[in-house]
Amino acid sequence: MSTRTATHRHLHIASTRFGGAAVRLALPALVIGAGAGLAAVAFRWLIEHATWLFSGHADYSAVTGHPANPWVPWLGAGFVVLAPAVGGLLYGPLIQRFAREARGHGVPEVMFAIARNGGRIRGSVAVVKALASAICIGAGGSVGREGPIIQIGSALGSTIGRWMRMPEVRLRTLVACGAAGGISATFNAPVAGVFFALELLLRDFTPTSFGAVAIASVTAALIGRAAFGDTAFLHLPSIGGVTPPEYLLFALLGLVAGMIGIGFTRVLYLVEDACDLLWTATRGPEWLRPVVGGVVLGALLLVLPQLYGVGYPVLERGVAGQYAIGFLAVLVVGKVLATSLTLGIGGSGGVFAPSLFVGAMTGAGFGEVAAAIDPAMRGQVGAFAVVGMAAVFAGSTRAPITAGIMLFELTGATALLLPIVVAVVIATAVSKVLSRDTIYTLKLSRRGVDLTDSAAPAPSRTGATAGAAARPLGPVLPSTATAAQALEVLEDHDGDPVVLVDADGGFAGVVSARSIGDAVLGDQDFARRPATEVVADVWAVPATTVVQDVVTEVVGATETGGLPVVDATGRPVGWLGPADALRALVPVTT
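Residues numbered from 1 in each chain as written. Predicted model: local features only at pLDDT ≥ 70, side-chain atom pairs only at ≥ 80, totals over all residues. Heavy atoms only, no water.

**Student:** Any chance you could explain the pattern of salt bridges here in plain terms?
**Tutor:** One side chain can pair with another of opposite charge once the charged atoms of both are near each other. If you walk through the whole model with that rule in mind, you get nine salt bridges. The salt bridge partner of Asp276 is Arg289, with a shortest N-O separation of 2.5 Å. Placement of Asp276 in helix α9 (residues 246–282) and of Arg289 in helix α10 (residues 289–303) is noted, with a sequence separation of 13 residues between them. For Arg583, the salt bridge identified is with Asp580, shortest N-O distance 3.4 Å. Remark: Asp580 and Arg583 occur in helix α22 (residues 578–585); sequence separation between them is three residues, near one turn of the helix. Assessed through its relative accessible area of 3%, Asp580 is described here as buried. It is possible to trace a salt-bridge network through shared partners that takes in Arg103, Asp276, Glu286, Arg289 and Arg571. (Salt bridge = Lys/Arg side-chain N within 4 Å of Asp/Glu carboxyl O. Helix = DSSP H or I, 4+ residues; strand = E, 2+ residues; numbered from the N terminus. Buried < 20%, exposed > 50% of the residue type's maximum accessible area, 1.4 Å probe, protein only.)

Following this line, the structure appears as structure tokens:
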């Protein structure tokens, strides 16, 4: 065979393989994109109606003054103190009982599922996340809706991929398709949806993954535009051209925004740690935590009602230059605290919208200072606000491509494309110097999961920890449950072991099919026995334990099919099965 013939043959085989993979992913990507688009529409509907229910207004952050809720007018403005607590009373037990992964801002859980769990996300997470986040935001939680829709779309992609028995490499791509579709439909930003999924989740720009994610994103965008209209997500005042000397100011804004992005990240987890410490001291049940913390959040909303919910109307007013410098600074600090508190008490919602809010107020304040020095720049406050949004997002997530494209699509401000690029690059560099982790990866790093170098796998993972190798928990029940309730949950989850937790959320045992079967045979009246009396004889693995040290015990736990993994406080954070442990020990091939 000649060299030319061999070359053509190899090219034909390669193109056939690529084409085959692309074609096999095209239809599921289309279906997932449509599903994510419809989910985004339904999720927006849930948030709108939850907001009406809890506040009596379409968007309480857009109102003037402190109006009362027309449903409970006798409470006056004080209803905002109770609204987050009532909301917490609804979503707290919902998350605790059905899907603990739904707590928080969602994106880290998706990143973990893609990088460490083969793209597997329970389908129930989508339903719980949608309901919990809608209630949390509608009741005043100062968080965004992009994190939830990413997790919802990703769970949809994972469910469809597993139903089609896709291999892990394609399952990961379908998870990213769901995330891209959610972003695309929610913000009318199909290109940004693609790059969010590729840059932040997959960290993969291969033609196959790009094609599948693009199909899903465009499909979802068409559905979103049919429901919400084809206009820019944010409505901005007219922005003039940018003169060359102003680029120095945009560069300086990028420097400031990068530091603020990292500051936002650190405050977020500092407040979460403080909430954990205080709640552990009270020894109250975990489901009650959002209720008690909601009163504190409500007190903050009483002082600054502009922080109620997502807050896009307030963001637009800041971009329009309607706030003084002092109030802009108050809004920056207030939003960081309100978002951190919402998530720290166990709320459910995203951090993308809060980072845009903080960036807009930072940029607007920067523009006001520049205008005070040079009155000729009075009309450029909006430009600085838009660039500030992109730069703070880049500083907190370290995703410069997504940040630039996202703000371009959200605003349609073509004149600001180059200033955005300048500020985003500088903000990303500052973020990298100041912190090893981002606002998304830090949550996983604190659990012993390192994703910072996942794009370049090491030749071996023999040093992997149990926390990094574990997959998300399966069914969970409180230790007060009865054996009959445990049996019912076992049946609903096809015999998957049920983890029991005490009032503090700590590990209290595992109920397996065998352990409860032994109880049935030994006691006809077993149904009324506490579930803690029918647990299997297994122990919990600390998240920091090296997998190599416990692989024998994990493989030998045949009764439960693995062992639960607990964090430093003794709370279950994952499940380590034999396949998970062995996968962590097998050398990674490139």
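What follows picks up the thread again.
**Student:** Any chance you could explain helix α6 (residues 168–187) here in plain terms?
**Tutor:** Quick reminder: α-helices carry 3.6 residues per turn. Residues three or four places apart thus point the same way. Look at α6: 29 Å from first C-alpha to last across 20 residues, which is about the 28 Å you get at 1.5 Å a residue. Burial runs high along α6: 17 of the 20 residues are buried. The first or second residue beyond α6 is Asn188, which carries a positive phi of 50 degrees. (Expected span 1.5 Å × (residues − 1).)

**Student:** Explain the side chain of Ser154 here, please?
**Tutor:** Note on placement: Ser154 falls in helix α5 (residues 146–163). Here Val175 takes part through its backbone oxygen, which lies 3.4 Å from a polar atom of the side chain of Ser154. Leaving out residues up to four positions away in the same chain, Ser154 has contacts with Val110, Ile121, Val175, Gly178 and Ala179. (Polar contact = N/O pair within 3.5 Å; in protein donor to acceptor, adjacent residues only side chain to side chain. Contact = heavy atoms within 4.5 Å.)

**Student:** It is not clear to me how helix α11 (residues 312–319) should be interpreted in this structure. Could you clarify?
**Tutor:** If you check which residues of α11 are buried, you get Tyr312, Val314, Leu315, Gly318 and Val319. Take α11 and look down its axis: the buried residues cluster within an arc of 155 degrees, on one side only. Buried residues along α11 sit against α6, α12 (325–344), α13 (352–373) and α14 (381–397). At the exit of α11 stands Gly321, carrying a positive phi of roughly 75 degrees. (Arc of directions from axis to C-beta.)

**Student:** For this particular structure, what's the right way to read the packing of α9 against α12?
**Tutor:** Packed helices, taken two at a time, are described by the angle between their axes plus the distance between the axes. Direction vectors running N to C along α9 and α12 enclose 40 degrees, while the axes themselves pass 8 Å from each other. With respect to their mutual orientation, α9 and α12 come out oblique. Note that α9 runs across α12; the crossing there is right-handed. Within the contact between the two elements, α9 uses Phe264, Val267, Leu268, Val271, Glu272 and Cys275 and α12 uses Val336, Leu337, Thr339, Ser340, Leu341, Leu343 and Gly344. Broken down by class, the residue content of the contact of α9 with α12 amounts to nine nonpolar, three polar and one charged. (Axes fitted to C-alpha atoms, helices over the stretch in contact; angles between N-to-C directions. Parallel < 35°, antiparallel > 145°, perpendicular 65-115°, else oblique. Left-handed = near helix turned anticlockwise from the far one by under 90°. Nonpolar A, V, L, I, M, F, W, Y, C, P; charged D, E, K, R; others polar.)

**Student:** Could you clarify how one ought to interpret the sheet that holds strand β6 (residues 572–576) in this entry?
**Tutor:** Reading across the sheet, the three strands line up as β4-β5-β6 and stay open at both edges, with mixed pairing between neighbours. The open sheet terminates on both sides in strands that have one partner only, identified here as β4 (541–542) and β6. Pairing between β4 and strand β5 (residues 563–566): two bridges, direction parallel. Looking at β5, one finds that Pro542 is bridged to Val566. (Pairing = 2+ DSSP bridges.)

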